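# Chain and residue survey
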Amino acid sequence: MEKCLAPSILAADFGILKEQLELIDEAGAQYVHFDVMDGVFVPSISFGLPVLKSIRKYTDRLIDVHLMIVDPERYVKDFAEAGADIITVHAEACKHLDATIEMIKKCGTMVGVALNPSTPVGSIAHVLDKVDMVLIMTVNPGFGGQKLIDYTLDKVRELSEIVATKKLKLDIEVDGGINRDTIEKVLDAGANIIVAGSAVFKGDVKENTKNLLEKMR
Ligand code: DX5
Ligand code: ZN
């Protein structure tokens, strides 16, 4: 599967969001990762529908919406209408994951399922052929700037073996603690969609993006 960089705008300067989007775009990042937090599923509250609607006007890149909210089926249609290209829900946050996946598909966006570090890959075995992407969280969700938890790489390896054996057409995304020093090990483990927040937006955004993309070649 194609390797793509998904800068997480959670770490961006919101006062100049449009300019920040232009920088990652010009540097060649393929996705925009959009972290929605509800203060219940995770401790923090981030941003939601109005912000998505605004940024949709300023980028043609794939907007990858990561819903860290309980019972996400309540908002799936709204996020699709606001401009999401991919909607990812947490397996732990859905009472009826299969039904939520079907609901996202009906909205016409791509569908992703996310797993917290402690949630086993086997818990989503039966829905793997229904989704476009699996997001293996490499930190506990809720905050940017955390350190990658090494055992999550075993899960990435486990999933990429399943994908190869079953010949699934599935992207493997990783999110949390990915930077210049850790990107190589997530790629080696088999991830192909790489989320990076602090590593992109702290410092020179364009340079950071280019450096990470360079490491992905
Ligand atoms: C964390 C979010 C991440 C976050 C990553 O819960 O899902 O997308 O922005 O930030 P870094 O790359 O700084 O770990
Ligand atoms: Zn995220």
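These notes cover the structure that comes with them.

Conventions adopted
- Residues numbered from 1 in each chain as written.
- Chains lettered and ligands numbered in written order.
- Predicted model: local features only at pLDDT ≥ 70, side-chain atom pairs only at ≥ 80, totals over all residues.
- Heavy atoms only, no water.
- Helix = DSSP H or I, 4+ residues; strand = E, 2+ residues; numbered from the N terminus.
- Buried < 20%, exposed > 50% of the residue type's maximum accessible area, 1.4 Å probe, protein only.
- Polar contact = N/O pair within 3.5 Å; in protein donor to acceptor, adjacent residues only side chain to side chain.
- Donors = N, O, S within 2.8 Å, 3.2 Å for Na, K, Ca; no water.
- Tetrahedral: all angles 85-135°; square planar, octahedral: opposite > 155°, others 65-115°.
- Contact = heavy atoms within 4.5 Å.
- 1 Å grid on protein atoms, 1.4 Å probe; cavity = no way out; pocket = protein on both sides within 12 Å on 5 of 7 lines; lining within 4 Å.
- Points joined across faces, edges and corners; volume = space filled by probe spheres on them.
- Nonpolar A, V, L, I, M, F, W, Y, C, P; charged D, E, K, R; others polar.
- Pairing = 2+ DSSP bridges.
- Axes fitted to C-alpha atoms, helices over the stretch in contact; angles between N-to-C directions.
- Near = heavy atom within 4 Å.
- Areas by Shrake-Rupley, 256 points an atom, 1.4 Å probe, with all protein chains shown as cover.
- Sits in = over half its atoms within 2 Å of the grid points.

### Examining the environment of Arg74
- On the secondary structure map, Arg74 appears in the loop between β3 (62-68) and α3 (76-81).
- Of the residues examined, Arg74 reaches a relative accessible area of 46% and is grouped as partly exposed.
- At a separation of 3.0 Å, a polar atom in the side chain of Arg74 contacts the main-chain carbonyl oxygen of Asp71.

### Some words on the coordination of the zinc ion (ligand 2)
- Surrounding the zinc ion (ligand 2) are the protein donor atoms His33 (NE2), Asp35 (OD), His66 (ND1) and Asp175 (OD), which sit 2.0 to 2.3 Å from the metal.
- Taken together, the six donor atoms surrounding the zinc ion (ligand 2) define angles of 71 to 171° at the centre, an arrangement classified as octahedral.
- As a motif over one chain, the donors of the zinc ion (ligand 2) read H-x1-D-x30-H-x108-D. In this pair, His66 is assigned in strand β3 and Asp175 in strand β7 (residues 171-175), connecting sequence segments 109 residues apart.

### Describing the side chain of Gln20
- By the element assignment, Gln20 lies in helix α1 (residues 17-27).
- Taking the relative accessible area as the measure of exposure, Gln20 reaches 8% and is therefore buried.
- Every residue in contact with Gln20, bar those within four places of it in the chain, is listed here: Ala12, Asp13, Phe201 and Val205.

### Considering the layout of surface pockets
- Of the volumes computed, that of the largest pocket is approximately 400 Å³.
- Lining the largest pocket are 31 residues, with Gly144, Gly145, Gly176, Gly177 and Ser198 positioned closest to its centre.
- Secondary structure elements with two or more residues in the lining of the largest pocket: β2 (31-37), β3, β8 (193-196) and α7 (198-201).
- Class assignment for the residues of the lining of the largest pocket results in 13 nonpolar, 12 polar and six charged.

### Thoughts on the pairing of β8
- Neither face of β8 is exposed, since Ile193 and Val195 on one face and Ile194 and Ala196 on the opposite face are all buried.
- As paired strands, strand β1 (residues 4-7) and β8 are joined by four bridges and run parallel to one another. Residue pairing across strands places Pro7 opposite Ala196, the latter belonging to β8.
- With two bridges connecting them, β7 and β8 associate as parallel partners. Residue pairing for β8: Glu173 is matched across the bridge by Ile193.

### Topic: the sheet that holds strand β5 (residues 110-115)
- With respect to topology, eight strands assemble into an open sheet ordered β1-β8-β7-β6-β5-β4-β3-β2, the strand pairing being parallel. Only two strands of the sheet have a single partner each, and these edge strands are β1 and β2. Ignoring strand direction, the axes of neighbouring strands in this sheet form an average angle of 25°.
- Looking at chain direction, β3 and strand β4 (residues 86-90) are connected through four bridges and run parallel. Within β4, the residue paired with Asp64 across the bridge is Ile86.
- Strands β1 and β8 of the sheet are contacted by helix α8 (residues 205-216), whose axis makes an angle of about 150° with β1.

### A look at the site of ligand 1
- The local shell around ligand 1 holds 20 residues, among which Ser8, Gly142, Asp175, Gly197 and Ser198 are the closest.
- Within the side chain of Asp35, a nitrogen or oxygen atom sits 2.7 Å from an oxygen atom of ligand 1.
- Separating an oxygen atom of ligand 1 from a backbone N or O atom of Gly177 is a distance of 2.8 Å.
- About the coverage of ligand 1: the protein hides 98% of its 380 Å² of free accessible area.
- Among the detected pockets, ligand 1 sits in the largest pocket.
- Counting residues per element, the shell around ligand 1 draws most heavily on β2, which supplies three residues.
- Considering only residue class, the shell around ligand 1 consists of eight nonpolar, 10 polar and two charged.

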